[in-house]
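# Fold and contact review
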Amino acid sequence: MDNEHQESRLKQHAKSLARQQGKKIGKKLIKKGAKIVARAALSGIKALIAFLVSLGGPFLLGAVAVLLAIFGIYLAITLMFTTDSSILEDGPEKELYEYIQQQSDATVDMSKPEQIPYKVPAELIVSALQIYDSTKHGKSEKAVVKLIAQKLKPTFVYYDKKGNIETIITSCTTKDGKKNCTTSTQNTPFELNLLEKVEAWDRIQIATFEKTITDWAHANNESTSPDKKGNITVTSTDVKSRATTYSSTDDIKIDYSYYDRILSDAPFDYKENDKKTVEALYQATGNTIQYSEWLNGDSLVAGGFDNVGGFNSDVNVTPGASVPAEYMKYYLAGQTKFGVDWYYLAAIHKVETQFSTIDIMVSSVGAVGHMQFMPCTWLGWNYQGCGGLGNLSSGKEILTNVAFIKQYGGYGVDADGDGKADPWNMADAIMSAAKYLAANGFKNNIDKAVRRYNHSDIYVADVKRYAAQYKAEATYTGSGVGDKLIASGPGNVPMKPTTGTVRSSYTVRDMGDGAQFHYGIDIANSLSTPIVAVTDGVVTVARGGCAVYGYYGSTCGGGWGNYLWVKHNIEGTTYELVYAHLQSYAVSPGQPVKKGQVIGKMGSSGSSTGPHLHVETHKGARISNQNVLNPMLVLPLGK
């Protein structure tokens, strides 16, 4: 079909679309849509470019104006129903907006916090809705919304196991120099319903479980009491407990097979360009989607709650004096794209070329560039001119040719978009190193992946030593700081449970309904800020089922909303900590946790006026407020 015919068909589609969408939102579209598009201009432009480029150059020459009109209508409507409901007046539009949110929530069991991260986003539902001609199929908009949500909803597979908590209680009474002791043993069983597999629209996650017996945790209490004659009786109780439970290891794979299959089949029958349009619209709402990269076979990195291999965008990393700061943007880009920790990329850069200070950067065996790739590894060993250790016997001029690298299966990457994959270009070289390490299993076996880079045990030891040094020297700031980033002390010296500002102290306060004692500390930050275990411990209680946003006076979760109790050994003493008002949590009762492990996300559930963590410390165990202490005396919370 020639461009003229393509353009004619597009114009007809544009007119039909304008009539169809005009019925949806009426004359208010222009003002409201323009207002929202202005708010999201950058993401919208980026999405528009991605959409247009995906359709191919020759086609664009005859149809740019029409495509812009179509995409503009799509974009305005998508942003209207996903950006800010406050601009929607009461009526059909607002009713549809609220229905979309309800159907998004209905794709998971909202009473199970572990499912919530996988719910189908409302923004994706709206984006997919734009391509579906509801009038043609005789369906209402609500019917289509529900259809999309239910078709794309994730599937969950659970694994039932049993664990138990073994407790040994030794009670001793000393009177008149005589000591009598009794010992009892208790076994408290509990059941675990563990999430084993998730297939969501953008990923597949599979957990493997291993039976684990935790270390013994100790708690000691001693009291004295005199009798009428002044004789002293000393009573001491030693409680020792450990849990037999299961630990899990998650394998997360970004995979759009589910998304691709559902939208390709009836009743949607979306073509590839339709699915790329959905991708562009979803991206314009400020969300991340990597469907086009997945189609091209690129290596993808999981983000979100697990944050595998990539820092939250709200985290700022400042290297120590050992790492040139100007290279950090390249290391972090490699980490975000391929899941290879930035400090390992920096360490390899150091070992290979002393941070690019070696003249000409060509080794004695022929490795080239900032990160010292053998030419055939860069270009691809399927190239007929490759031989020996990996040198090119001919055709060196093709080394930077992106098309040839793809054809011959090489690791060279055009990271800066200049049309060449050049081992002497800093951005290309570091991104290619990240790609190579990821392809060699960095996520599962760092030593093996690094050894493939140089085939030397000494090399592996040097890289790991520098990586540990660079990680320790760096500082991390921002609301996205998580389990790998919050500064911690050695051993069972506690660390901060999260980042943020102390808003309410351990003291009497009046929230408008009379003076009451506040038995914890409130640390405020943004929604979804990671919450970590302050030391090694065992989860004793997990309570969910509350809405992410509660209100002051809510009784959900006893006012705590979603919360955890965890028993910790803090510098030789057992404490039971309360972590409350969570958005969600990622652990189960009886599960051992490690110091710095992410156990939940900051929320505003229960009786709350905004996102924060309420943390309490109870010596030994939480028995109402009998053993409660000021968290400032136990945890490094600052002033």
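Here the residue index of a chain counts from 1 through its sequence in written order. Confidence filtering applies because this is a predicted model: local features only for residues at pLDDT of at least 70, side-chain atom pairs given and counted only at 80 or more, and all residues used for totals across whole chains, interfaces and linings. Water and hydrogen atoms were dropped before computing side-chain values, which therefore reflect all heavy atoms in the structure.

### Details of the overall build of the protein chain
- Along the backbone of the protein chain there are 19 helices and 21 strands.
- With 639 residues in all, the protein chain has 46% of them scored as buried.
- Here a residue-residue contact requires only that any non-hydrogen atoms of the pair lie within 4.5 Å. For the protein chain, contacts bridging at least 24 residues in sequence account for 65% of all contacts bridging at least 6.
- Accessible surface computed for the protein chain: about 30,700 Å², of which carbon and sulfur atoms make up 50%. Segments assigned H or I by DSSP are reported as helices when at least four residues long, segments assigned E as strands when at least two residues long, and all are numbered from the N terminus. Here's how the labels work: a residue is buried when its accessible area is under 20% of the maximum for its type, exposed when over 50%, partly exposed in between, all with a 1.4 Å probe on protein chains only. The accessible surface values rely on the Shrake-Rupley method and a 1.4 Å probe; as for residues, cover is taken only from the protein chains in view.

### Points about the confidence of the model for the protein chain
- Averaged over the protein chain, the pLDDT score is 77; the fraction of residues at 70 or greater is 76%.
- Confidence per residue, as judged by the predictor, is encoded in pLDDT with a range of 0 to 100. Throughout residues 1-71 the model reports pLDDT below 50, and contacts reaching past four residues in sequence, or to other chains, amount to 91 contacts.
- Confidence drops under a pLDDT of 50 for residues 478-490, and excluding neighbours within four residues, the segment shows 40 contacts in the predicted structure.

### Points about the pairing of strand β20 (residues 612-619)
- Of all eight residues in β20, seven are buried, a share of seventy percent or more.
- The rule for pairing is simple: two strands pair if DSSP sees at least two bridges between them. As judged from the four bridges shared by strand β13 (residues 521-524) and β20, these two strands associate in the antiparallel manner. From the neighbouring strand, Ile521 faces β20, where its bridge partner is Val615.
- Of the strand pairs in this sheet, strand β17 (residues 573-585) and β20 are connected by six bridges, and their pairing is antiparallel.

### Quick notes on the packing of aromatic side chains
- The criterion for an aromatic pair is that two Phe, Tyr or Trp rings (for Trp, the six-membered ring) have centres within 6.5 Å, with stacked assigned to planes under 30 degrees apart, edge-to-face to planes over 60 apart and tilted to the rest. With the rule as written, the count across this model stands at 26 aromatic pairs.
- Pairing Trp201 with Tyr282 gives two aromatic rings, centres 5.6 Å apart and planes at 90 degrees, and the pair type is edge-to-face. With Trp201 in the loop between β2 (178-199) and β3 (203-213) and Tyr282 in helix α11 (residues 272-284), this pair connects stretches of sequence that are 81 residues apart. The pair Trp201 / Tyr282 is uniform in exposure class, with both members buried.
- Taken together, a centroid distance of 5.9 Å and an interplanar angle of 25 degrees make the contact between Tyr466 and Tyr470 stacked. Pair noted here: Tyr466 and Tyr470 are both in helix α19 (residues 457-473), with a separation of four residues, about one helical turn.
- Classification of Tyr470 as buried rests on a relative accessible area of 2%.
- Among the aromatic side chains, those forming a connected cluster through ring pairs are Phe373, Trp378, Tyr411, Tyr436, Tyr453 and Tyr459.

### So, the pattern of salt bridges
- Salt bridges, as used here, are contacts in which a Lys or Arg side-chain nitrogen is within 4 Å of a carboxyl oxygen on Asp or Glu. In total, this model carries 12 salt bridges according to the counting rule given.
- For Lys142, the salt bridge identified is with Glu95, shortest N-O distance 2.5 Å. You can see Lys142 sitting in helix α9 (residues 141-152) and its partner Glu95 sitting in helix α6 (residues 92-105), a full 47 residues away along the chain.
- Take Lys142: its relative accessible area is 29%, and that puts it in the partly exposed class.
- The salt bridge partner of Lys119 is Asp105, with a shortest N-O separation of 2.6 Å. Of this pair, Lys119 sits in the loop between α6 and α7 (122-129) while Asp105 is found in helix α6, placing the two residues 14 residues apart along the sequence.

### Comments concerning the side chain of Ser356
- Along the chain, Ser356 falls in the loop between α14 (342-353) and α15 (375-379).
- Assessed through its relative accessible area of 19%, Ser356 is described here as buried.
- Reaching out from Ser356, the side chain makes a polar contact with the side chain of His349 at a distance of 2.7 Å.
- Setting aside residues up to four positions removed in sequence, Ser356 forms contacts with Tyr327, His349, Met361, His370 and Met426. Within 3.5 Å is the distance limit for a polar contact, defined as a pair of N or O atoms, with the added protein rule that one can donate a hydrogen and the other accept it, and that residues adjacent in sequence qualify only through two side-chain atoms.

### With respect to a nonpolar patch on the surface
- Together, Ile360, Val362 and Trp424 give the surface a local cluster of nonpolar side chains, amounting to about 320 Å² of exposed area.
- Considering the arrangement of structural elements, one finds Val362 in the loop between α14 and α15. In this analysis, a patch consists of residues with relative accessible area above 30% that form no salt bridge, clustered at 9 Å for like charges and at 5 Å for the nonpolar side chains Val, Leu, Ile, Met, Phe, Trp and Tyr.

### Considerations on the environment of Ser528
- Position of Ser528 relative to the elements: it lies in the loop between β13 and β14 (530-532).
- Each C-alpha atom of the pair Ser528 and Val548 lies 10.0 Å from the other, and the pair is 20 residues apart in sequence.
- In this structure, Ser528 is in contact with Gln583, Lys601 and Met602, ignoring residues within four places of it in sequence.
- Within the local environment of Ser528, its side chain forms a polar contact with the side chain of Gln583, the two groups lying 2.8 Å apart.

### Here we look at the environment of Thr353
- Checked against the element boundaries, Thr353 lands in helix α14.
- Thr353 sits in the buried class, given a relative accessible area of 1%.
- Sequence-distant contacts of Thr353, defined by excluding residues within four places in its chain, comprise Ile358, Met361, Gly369, His370 and Gln372.

### Observations concerning the packing of α6 against α9
- All axes are obtained by fitting lines to C-alpha atoms, using only the stretch in contact for helices, and the reported angles, taken between N-to-C directions, cover 0 to 180 degrees. Running from amino to carboxyl end, α6 crosses α9 at an angle of 20 degrees, the nearest separation of the two axes being 10 Å. Viewed along their axes, α6 and α9 adopt a mutual orientation that is roughly parallel. Once α6 is placed against α9, the crossing between them reads as right-handed. Along its contact with α6, which presents Glu95, Leu96, Tyr99, Ile100 and Gln103, the element α9 presents Glu141, Lys142, Val145, Lys146, Ala149 and Gln150.
- Side-chain classes follow a simple rule in which Ala, Val, Leu, Ile, Met, Phe, Trp, Tyr, Cys and Pro form the nonpolar group, Asp, Glu, Lys and Arg form the charged group, and the remainder, Gly included, forms the polar group. Each residue belonging to the contact of α6 with α9 can be placed in one class, and the counts come to five nonpolar, two polar and four charged. Comment on the angle field: the value is read as roughly parallel under 35 degrees, roughly antiparallel over 145, roughly perpendicular from 65 to 115, and oblique elsewhere. Crossing handedness: left-handed means the near helix sits turned counterclockwise from the far one by under a right angle, and right-handed means the same turn made clockwise.

### Notes on the state of the cysteines
- Note that a disulfide, as used here, is simply two cysteine sulfur atoms within 2.5 Å. With the rule as written, the count across this model stands at three disulfides.
- Between the sulfur of Cys172 and that of Cys181 lies a disulfide, 2.1 Å long from S to S. Handedness of the Cys172-Cys181 disulfide follows from its S-S torsion of about 115 degrees: it is right-handed.
- Owing to a relative accessible area of 8%, Cys172 belongs among the buried residues under this scheme.
- A sulfur-sulfur distance of 2.1 Å marks the disulfide that ties Cys376 to Cys386. Handedness here is read from the sign of the S-S torsion; for Cys376 and Cys386, about -115 degrees, the answer is left-handed. With Cys376 in helix α15 and Cys386 in strand β7 (residues 386-387), this residue pair connects regions lying 10 residues apart in the sequence.
- For Cys376, a relative accessible area of 0% gives the class buried.
- Going through the protein chain in sequence order and numbering each bonded cysteine, the pairs you get are 1-2, 3-4, 5-6.

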